[in-house]
Amino acid sequence: MSTPNGGDLLVRVLRDLGVDTVFGIVSVHNLPLVEAVARDLRFVPVRHEATAVSAADAYGRARGTLGCALTSTGTGAGNAAGSLIEALSAQTAVLHVTGQIDSPYLGQGRGFIHETKDQLGMLAAVSHHAATVTDAADADRVLRTAAAAALTAPGGPASVEWPIDLQYAPQDLAAAPARPEPAPVPQADADALDRAAALISRARRPLVWAGGGARLAGAELGALLDATGAGVLTSNSGRGTLPEDDPRVLGNFAGGPTGRALLAEADLLISVGTHFRSNETGDYTLPLPATHVQIDLDAAALGRVHPATAALHGEGATTLAALTARLDGAGAEEGWAARLAAAREGARAALRESIGPHAAVCDAIRAALPRRAVVARDVTIASSSWGNRLLELYDPRDNLFPRGGGIGQGLGMGIGAALADPSRPTLVMAGDGGLAVHLGELLTVAQERPRLTLVVFNDGGYGVLRNMQDAHFDRRSGVDLTTPDFAALAAAVHLPYARIGAADEAERVLAEAVASDGPVLVEVDLAALGPMKSPFTPPVSLPGT
């Protein structure tokens, strides 16, 4: 039997962490790692390093655990940077293991193949944690410390660079693994909890804004609503914290007219793990109630965007439970529940009216999918207008989208989610422009055959930016693009293909696609489907317009 090397060690660490699938690209600078993973776990050979991280990110989000990506050094590690920024923005747990040149040559700038200047500095800039394996005997500790950092709230991607000579070095797998102590999770101060509970107890028109930090606090949030009669707005990141068919959930509509009106009527806002992002607050112009109880695990977020009357530095679930236990008020005034229900229905009706024939596609997607199915949404008009709001989601693990706003990451996320749980379908919403960023990943789909329906909304370019230019400028620039023949493209990579060119085709086509045991490419021909009644433009301000 051959002596175990770094690849065998990585397999043991990943098994201890419950990871059975790894995404990456093989290289001379990660070969022993890929060889061991492919032998003992599942290695998914994607076509671009950014996709490796996106898929690992979504794998972890869908399972509520860690995802793992393997890339090469230098250019390969650099290619992963954009998706590491996404995982950092979303605070999702990714272990990114990248190669490095032979340790004797590190830092010498000789021009060794795949060498880059200060790779660790680059990784530190786009990761929550970054480290180098400097000794084969220390590799186990470095890997487990990185994984712990990725998994400890608020978390984020952890990158480890591993020189190739130290990957090949012998490992003693009989030695007890190094298990780092998890970092303590902050607990909200008792006096601050008392002050916040007093404010909540006096409120008669309370609202909650649930962000990504509320994802694991659904039960505790529900108990708070029962005690207070509050309604729930969400950020895009907080969708599914409570099922979106719950009548108390208005959802991701805070920035629209209905949400603004409701916020103006509320006498208290409880925000849970949301950073009030610019695109969800109209570049911070959204008026919020003067009385604000803010809960966040990130101390720097407290009061940063909107003043906090009571600031609670702590984790969402435990803080909500502690608040609910302290409440002694009468709850919401009579009629507030009816007002919440009217706002919920009004927001949805207005959006449904504005998107015209797109509403049929939205309805058909929801009808075709089981209640628990992942919906991965790239940045495209369909997602930004209705996929992020009107298309109901019922669990935060099913809510995948690039929180950092990067285009082209949706398909990689869909691949990762589909392979994380093959028992249920995954649906990807992508535009033709975003899909083109990583068009090669269609080959990954064709090779791995996940249970994935890829819905491509084809409008011949970057529709969101096209609408902005049409609304504010006298000419278009860079938004009209050549689009492939998607039927021929699907045939070239041996994927089933279907087309939606009219609203009355959506239900049948999507039902058949989702019912398939493997991948299907569905093209939504937006020119044939017809325009939205109100062209979508993002809620961002343009200086000088």
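Our structure's up above, just so we're on the same page.
Quick caveat, the model's predicted, so the values are computed rather than measured. (Residues numbered from 1 in each chain as written. Predicted model: local features only at pLDDT ≥ 70, side-chain atom pairs only at ≥ 80, totals over all residues. Heavy atoms only, no water.)

Colleague: Account for the overall build of the protein, with residues named and values stated.
Modeller: Helix and strand content of the protein: 22 helices and 18 strands. On C-alpha atoms alone, the protein measures out to a radius of gyration of 24 Å, which is about the 24 Å that the 2.2 N^0.38 rule sets for 545 residues. A principal-axis box enclosing the C-alpha atoms of the protein has dimensions of 75 × 60 × 50 Å. Put simply, the protein has 545 residues, and 56% of those count as buried. The contacts in the protein between residues at least 6 apart in sequence include a share of 76% that link residues at least 24 apart. (Helix = DSSP H or I, 4+ residues; strand = E, 2+ residues; numbered from the N terminus. Rg over C-alpha atoms; globule rule 2.2 N^0.38 Å. Buried < 20%, exposed > 50% of the residue type's maximum accessible area, 1.4 Å probe, protein only. Contact = heavy atoms within 4.5 Å.)

Colleague: Can you break down the pattern of salt bridges residue by residue, with the values?
Modeller: Applying the stated criterion across every chain, the model contains 33 salt bridges. With a closest N to O distance of 2.8 Å, Asp16 and Arg144 form a salt bridge. On the criterion of sequence distance, the pair formed by Asp16 in helix α1 (residues 6-16) and Arg144 in helix α7 (residues 139-151) is long-range, its members being 128 residues apart. Assessed through its relative accessible area of 41%, Asp16 is described here as partly exposed. The salt bridge partner of Arg372 is Asp398, with a shortest N-O separation of 2.6 Å. Here Asp398 lies in the loop between α15 (381-387) and β14 (399-400) and Arg372 lies in the loop between α14 (358-368) and β13 (374-377), a separation of 26 residues in the sequence. You can call Asp398 buried: its relative accessible area is 0%. By sharing partners, the salt bridges in this structure join Arg372, Asp395, Arg397, Asp398, Asp421 and Arg424 into a single network. (Salt bridge = Lys/Arg side-chain N within 4 Å of Asp/Glu carboxyl O.)

Colleague: Help me get a handle on the sheet that holds strand β6 (residues 158-163), residues and values and all.
Modeller: Spatial strand order, β2-β1-β3-β4-β6-β5: 6 strands in an open sheet with parallel pairing. The strands lining the two open edges of the sheet, one partner per strand, are β2 (42-45) and β5 (129-132). Ignoring strand direction, the axes of neighbouring strands in this sheet form an average angle of 20 degrees. Here strand β1 (residues 21-24) pairs with strand β3 (residues 67-71) via 2 bridges, running parallel. (Pairing = 2+ DSSP bridges. Axes fitted to C-alpha atoms, helices over the stretch in contact; angles between N-to-C directions.)

Colleague: Would you mind going over the side chain of Thr319 in detail, with residue names and values included?
Modeller: Looking at where Thr319 falls in the secondary structure, it is placed in helix α12 (residues 316-326). The class for Thr319 is buried, based on a relative accessible area of 2%. Beyond its immediate stretch of four places on either side in the chain, Thr319 contacts Ala188, Leu193, Ile295, Leu312 and Gly314.

Colleague: Account for the pairing of β6, with residues named and values stated.
Modeller: The element β6 is largely enclosed, with a buried count of 6 among its 6 residues. Of the two faces of β6, the one holding Ala158, Val160 and Trp162 and the one holding Ser159, Glu161 and Pro163 are both buried throughout. Both strand β4 (residues 94-100) and β6 contribute to a ladder of 6 bridges, which runs parallel. In the strand pairing of β6, Val97 is matched with Val160. Relative to β6, β5 is paired through 4 bridges, and the arrangement is parallel. In the strand pairing of β6, Thr132 is matched with Glu161. Remark: the β5/α7/β6 crossover connection has right-handed handedness. (Right-handed = clockwise from strand over helix to strand, strands pointing away.)

Colleague: Got a sec to walk through the nonpolar core? Specific residues and values, please.
Modeller: Formed by 77 residues in total, the largest nonpolar core has its most connected members in Leu10, Phe23, Leu70, Trp162 and Leu454. The residues contacting Leu454, other than those within four sequence positions of it, are Leu411, Val428, Ala430, Leu435, Leu442, Val520, Leu521 and Val522. (Core = buried A, V, L, I, M, F, W, Y, C linked by side-chain atoms within 4.5 Å.)

Colleague: I'd like to hear about the environment of Ile500, residue by residue, with values.
Modeller: As for its position among the elements, Ile500 is in strand β17 (residues 497-500). Classification of Ile500 as buried rests on a relative accessible area of 0%. A sequence separation of 45 residues divides Ile500 from Val455, and the C-alpha atoms of the two residues are 9.7 Å apart. Each residue touching Ile500, except ones within four places of it in the same chain, is listed here: Glu505, Ala506, Val509, Leu510, Val522, Glu523, Val524 and Asp525.

Colleague: Mind laying out the packing of helix α3 (residues 49-63) against helix α5 (residues 81-90), listing which residues take part and the relevant values?
Modeller: Direction vectors running N to C along α3 and α5 enclose 25 degrees, while the axes themselves pass 8 Å from each other. On the basis of the axis angle, α3 is roughly parallel to α5. Contacts from Ala50, Val53, Ser54, Asp57 and Arg61 of α3 reach α5 at Ser83, Leu84, Glu86, Ala87 and Ala90. In terms of residue class, the contact of α3 with α5 is made up of 5 nonpolar, 2 polar and 3 charged. (Parallel < 35°, antiparallel > 145°, perpendicular 65-115°, else oblique. Nonpolar A, V, L, I, M, F, W, Y, C, P; charged D, E, K, R; others polar.)

Colleague: Provide a residue-level description of helix α16 (residues 410-420), including the pertinent values.
Modeller: Because an α-helix completes one turn every 3.6 residues, residues spaced three or four positions apart along the sequence face the same direction. With 11 of 11 residues buried, α16 is to be regarded as a mostly interior element. Turning to α16, its buried residues are Gly410, Leu411, Gly412, Met413, Gly414, Ile415, Gly416, Ala417, Ala418, Leu419 and Ala420.

Colleague: Can you tell me about the packing of aromatic side chains, naming the residues and giving the values?
Modeller: Per the stated rule, a full pass over the model turns up 3 aromatic pairs. Relative to Phe276, the ring of Trp209 has its centre 5.1 Å away and its plane inclined at 80 degrees; by these criteria the two rings are edge-to-face. Residue Trp209 is found in strand β7 (residues 206-210), and its partner Phe276 is found in the loop between β10 (268-272) and β11 (292-296); the two are separated by 67 residues along the sequence. Phe276 gets classed as buried once you look at its relative accessible area, which sits at 2%. (Phe/Tyr/Trp six-rings, centres within 6.5 Å; stacked < 30°, edge-to-face > 60°.)

Colleague: Describe α1, with residues and values.
Modeller: Counting buried residues in α1 gives 9 out of 11 residues, a clear majority hidden from the surface. Three or more residues of α1 are buried, namely Gly6, Gly7, Asp8, Leu9, Leu10, Val11, Arg12, Val13 and Leu14. Of the residues flanking the start of α1, the one acting as N-cap is Asn5, its side-chain oxygen 2.8 Å from the backbone nitrogen of Gly7. Following α1 by one or two positions, Gly18 adopts a phi angle in the positive range, close to 80 degrees. (Polar contact = N/O pair within 3.5 Å; in protein donor to acceptor, adjacent residues only side chain to side chain.)

Colleague: Explain the side chain of Ser83 to me, using residue names and the numbers behind them.
Modeller: Turning to its location among the elements, Ser83 is positioned in helix α5. When sequence neighbours within four positions are dropped, the list of residues in contact with Ser83 reads Ala50, Val53, Ser54 and Gln409.

Colleague: Before we move on, could you go through the packing of α1 against α7 and cite the residues and values that matter?
Modeller: Close contact between α1 and α7 brings their axes to 10 Å; oriented N to C, the two are set at 35 degrees. By crossing handedness, the relation of α1 to α7 is classed as right-handed. Contacts between α1 and α7 involve Leu9, Leu10, Arg12, Val13 and Asp16 from the former and Ala139, Asp140, Leu143 and Arg144 from the latter. For the contact of α1 with α7, the class distribution of residues is 5 nonpolar, no polar and 4 charged. (Left-handed = near helix turned anticlockwise from the far one by under 90°.)

What is shown is where atoms sit, not what they do.
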